[in-house]
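Listed here are the chains, written in short residue letters.
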Amino acid sequence: MQPLKLPVAGLLITLLLGACAQAETPRNMSPTQTNEEGCTRKRSLGPQNAYADPAPIKQACVGPYLLELPQNYFSNQMGTEHDGSFSLALEYPALQPFKPGERMNLTVDVSIRTVRLSYM
């Protein structure tokens, strides 16, 4: 039996690794996510724009309840985290959301005027 030559062995390894990479599907990349209480929300896949005006609607689950909020209500101004947790950031004293993108470059002024509510 002859040993495989380097180009043939490299091609074979590349094909095998490519097949393994295609066979595995990431667990958290589904377009929906369901929590323990049965609430199902749509996940935002792909690039997002925190400066979009009007702000797109994002979904979040609080127990069995589905909330639909503009993304500028969220602390990161993008929506929920990958695990479904989120924080809302409202501007003091009016308790209104910040303008889209205002919290992206967090200044001392914006930080002092922030009332934050977290849900884990």
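In this text, all values refer to a predicted model and were calculated from it rather than measured experimentally. (Residues numbered from 1 in each chain as written. Predicted model: local features only at pLDDT ≥ 70, side-chain atom pairs only at ≥ 80, totals over all residues. Heavy atoms only, no water.)

**Description of the pairing of strand β3 (residues 57–62)**
Right, so step 1: Where β3 lies against strand β4 (residues 65–70), 6 bridges are found, and the strand directions are antiparallel. Bridged to I57 within β4 is P70.
Right, so step 2: Once β3 ends, the chain turns through 2 residues before running back antiparallel as β4, passing G63 with a positive phi of about 60 degrees. (Pairing = 2+ DSSP bridges. Helix = DSSP H or I, 4+ residues; strand = E, 2+ residues; numbered from the N terminus.)

**Points about the confidence of the model for the chain**
Right, so step 1: Mean pLDDT for the chain: 81, with 75% of residues reaching 70 or above.
Right, so step 2: Segment residues 19–26 is flagged for pLDDT under 50; beyond a separation of four residues in sequence, or across chains, it makes 0 contacts in the model. (pLDDT = per-residue confidence, 0-100. Contact = heavy atoms within 4.5 Å.)

**Some remarks on the environment of E81**
Right, so step 1: Mapped onto the secondary structure, E81 falls in the loop between β4 and β5 (86–91).
Right, so step 2: Its relative accessible area of 38% is what places E81 among the partly exposed residues.
Right, so step 3: Separated by 38 residues in the primary sequence, E81 and R43 have C-alpha atoms spaced 9.7 Å apart.
Right, so step 4: Among all residues touching E81, those that are not within four sequence positions of it are R41 and N76. (Buried < 20%, exposed > 50% of the residue type's maximum accessible area, 1.4 Å probe, protein only.)

**What about the sheet that holds β5?**
Right, so step 1: Read from one edge of the open sheet, 3 strands run β6-β5-β7, paired in antiparallel fashion. In this open sheet, the two strands that pair with only one neighbour each are β6 (96–97) and β7 (114–119).
Right, so step 2: Where β5 and β7 come together, 6 bridges link them in antiparallel fashion. The residue of β7 that forms the bridge with L90 is V115.

**A short note on unusual backbone geometry**
Right, so step 1: In the segment running from D53 into P54, the intervening peptide bond is cis, with an omega of 10 degrees.
Right, so step 2: Here P54 lies in the loop between β2 (40–42) and β3.
Right, so step 3: In this chain, Y92 is followed by P93 through a cis amide linkage whose omega measures 10 degrees.
Right, so step 4: Within the element layout of this structure, P93 appears in the loop between β5 and β6.
Right, so step 5: Notably, Q77 is not glycine yet its phi reads approximately 55 degrees, a positive angle.
Right, so step 6: Within the fold, Q77 resides in the loop between β4 and β5.
Right, so step 7: By relative accessible area, Q77 is classed as buried at 0%.
Right, so step 8: A positive phi angle, close to 55 degrees, is found at L95, a residue other than glycine.
Right, so step 9: With respect to the helices, strands and loops of the structure, L95 is situated in the loop between β5 and β6.

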